[in-house]
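Residue-level structural notes
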Amino acid sequence: MPLVTADVLTDSYDHIVIGGGSAGALIAARLSEDSECRVLLIEAGDASVDRPSMVDPALWFTNFGTAADWQYRTVEQPNANGRRFDWNRGKVLGGSSSIDAAVWVWGHPADFDAWADAGNIGWDFGSLKPIFQRLETRLHGSCDGRRGNSGRMRLTSTSDRVPLTTAFFQACKEMGHAVLDDVSGPISEGCGTYDFTVVNGQRFSVTRAFLLPSISRPNLSVLTDANVDSLIFDGTRCAGVRGEADGKLLEIRSRHDVVLSAGVMGSPRLLMRSGVGDAAELERLGLNVVANLPGVGENLHDHCLVSAFAAEAAAATKSVGARLYARTSDGIPAPDHEVIISAWSTGQSDVPVERGFSLHTALVRPQSRGRLALTSTDWDAPLLIDPGYFAEPADLAALCTAVEMCVDLAAAPALLKQRSGSVRTPPSSKVKLREFVRNNMGTYWNPVGTCSMGVDARSVVDPTLCVHGVSNLRVADSSVMPRITTGNTLAPTLVIAERAASLMTAATSA
Ligand SMILES: Cc1cc2nc3c(=O)[nH]c(=O)nc-3n(C[C@H](O)[C@H](O)[C@H](O)COP(=O)(O)OP(=O)(O)OC[C@H]3O[C@@H](n4cnc5c(N)ncnc54)[C@H](O)[C@@H]3O)c2cc1C
């Protein structure tokens, strides 16, 4: 891969993009389509995306705890019986899209309409739908005007139905849920198959989709193994970045906007280290205040996932690729939980892992909010990461109801036929079920929200993704989501990135 080294960098570029992850890789590729625009992309991780653990999507979790994982860890969660959680994030070109589970889901239209209703003009579903379509190519399955067929992200659908998939759909039907064509595009209530960012059995990450086809452009410089330490400000104008690569200190200027795409932890961290954040908190740490933005690091939230049910399967099966979106109560604008069926069993029980199946459920419209903060100005100091799991009691209640719905689903006649031998069910008493959920839930790897987009005093970026109170600086990644989407977060993050690139191109050519 033609990458640059620190010694060939020039003193300034038109744009500097910090973080070559999902959003940053796309933005750098898009901005460099203008051959007059010199773009520098800086990534802390390396470029070895051809290691087997990244090429084979089934090995995604084997990247955990390696050098390609930032290996963040939350603080103790009082509502999860004091447990701490490992939060994996990709530290490699392509970022978390290089180590994720490769599921592709747009989200529910109500998610984006709620962003727009909060004052974020242009972020309603109707406006974003063409961007989702423009991003994707669905290699199998119908597009029928709803989905895209000429975008860079190539998707494989799970259209080959193993008996377990058919039984899952039948059981959903028996429980009164709709059976849909697919649940990968705009989410509706019901069950269906979904798409993966996988082509011919290999991961099709953002690096492959966007960066590799652009990387030999003379106006695009991609520097890996380089850590950005802070932003340079001339007054309140962001003028460039400071960092380190190959043991060399870097100080590089940017003519136009610097784009912060360092992810849900990296972006607020760099803002705060550079003097943009809650003034009192920054002063306490001895940092100079450039802009008082109390919302930086606030609004951290995540989906949480629990394995609800496992059973020995009547026949071994390989892949499933189906899920259900449903509601735990009436009166909410969209489904609030997702049920995933997997062709292996999980949990501590005598159900054999390889010859079992499981139902997992995730709370996909959580109300709880946490925060991220610096603990010190030392780069190596751990971040304070508090997702605030179940800070709102309604979240625990909803996840318990979702687990009960999984148990009922597993008892529906169609799935009952797929079971043989041992099963693992959660406790039936309400009190014990709450304990079960507190003790067994974990991250669904979708944290967002720490540089929230909006127009109120707690927001960090405006609807054009420009940071409030300073100039020449945008944030464009999963951190700007004001509230999490109902599905996994890669596709919406790429929509944010596409929109950021369009807004920037329009601004520089104006
Ligand atoms: C294990 C796992 C499984 C997941 N599974 C799915 C899934 O199946 N489907 C789905 O839709 N979503 C999934 N997600 C979520 C999805 O991957 C993320 O929402 C999305 O990739 C976030 O993109 P981002 O650009 O915000 O951040 P990232 O992709 O994490 O990119 C941030 C980049 O910035 C770099 N960086 C950070 N700090 C600095 C610095 N100081 N200097 C230079 N570079 C820096 C990082 O190294 C990284 O490359 C998963 C995530 C994980 C971790």
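Every chain is numbered on its own, with residues counted from 1 as its sequence reads. Whole-chain, interface and lining totals are the exception, using all residues; otherwise, since this is a predicted model, local features are given only for residues with pLDDT of at least 70 and side-chain atom pairs are given and counted only at 80 or more. Just so you know, side-chain values use all the structure's heavy atoms and leave hydrogens and water out.

Looking at an unreviewed UniProt entry, one finds the protein chain named Alcohol dehydrogenase [acceptor] and attributed to Paraburkholderia solisilvae. UniProt positions are given in the numbering used here, feature names are shortened, and annotations may be inferred rather than shown by experiment. The UniProt entry for the protein chain carries the following text under Sequence similarities (unreviewed entry): "Belongs to the GMC oxidoreductase family." In its Cofactor (unreviewed entry) section, the UniProt record describing the protein chain reads: "FAD".

Here the focus is helix 11 (residues 430–440). The rule is simple: take the accessible area with a 1.4 Å probe, protein chains only, and divide by the maximum for that residue type; under 20% is buried, over 50% is exposed, in between is partly exposed. Here a strand is any run of E in DSSP of at least two residues, a helix any run of H or I of at least four, and the numbering for each starts at the N terminus. Every buried residue belonging to helix 11 is among Leu433, Phe436, Val437 and Arg438, and all of these are buried. Against strand 22 (304–313), helix 9 (393–410) and strand 28 (419–424) lie the buried residues of helix 11. What makes two residues a contact is simply this: any of their non-hydrogen atoms within 4.5 Å.

Start and end positions for the domains come from either an automated domain assignment or a database one. Taken as a whole, the protein chain is organised into domain 1 (1–73 + 82–153 + 203–300 + 447–510) and domain 2 (158–193 + 302–446). A C-alpha centroid distance of 28 Å is found between domain 1 and domain 2. Each partner contributes residues to the interface: domain 1 has 54 residues there, and domain 2 has 46 residues. The quantity reported as buried area is the accessible area (1.4 Å probe) lost by two parts once they are put together, taken as the sum for both. It is Arg269, Leu300 and Thr486 that lose the most area in domain 1 upon contact with domain 2, and together they represent 16% of the buried surface on that side. The working definition used for a salt bridge is a side-chain nitrogen of Lys or Arg within 4 Å of a carboxyl oxygen of Asp or Glu. For the pair domain 1 and domain 2, the number of links is five salt bridges. We note a salt bridge from Asp111 to Arg365, for which the minimum N-O separation is 3.0 Å. Under this definition, polar contacts are N or O atom pairs within 3.5 Å; protein pairs additionally need one hydrogen-donor-capable and one acceptor-capable atom, and for neighbouring residues in sequence, both atoms have to be side-chain atoms. Summed over the shared surface of domain 1 and domain 2, the result is 24 residue pairs in polar contact (both at pLDDT 80 or more). The element best represented in the side of domain 1 that touches domain 2 is helix 7 (residues 263–273), accounting for seven residues.

With that settled, consider the environment of Leu211. Topologically, Leu211 is positioned in helix 6 (residues 206–211). A relative accessible area of 0% places Leu211 in the buried class. Spatially, the C-alpha atoms of Leu211 and Leu26 are 6.8 Å apart, while their sequence positions differ by 185 residues. Apart from the residues within four sequence positions on either side, Leu211 is in contact with Ala25, Leu41, Leu93, Val206 and Leu220.

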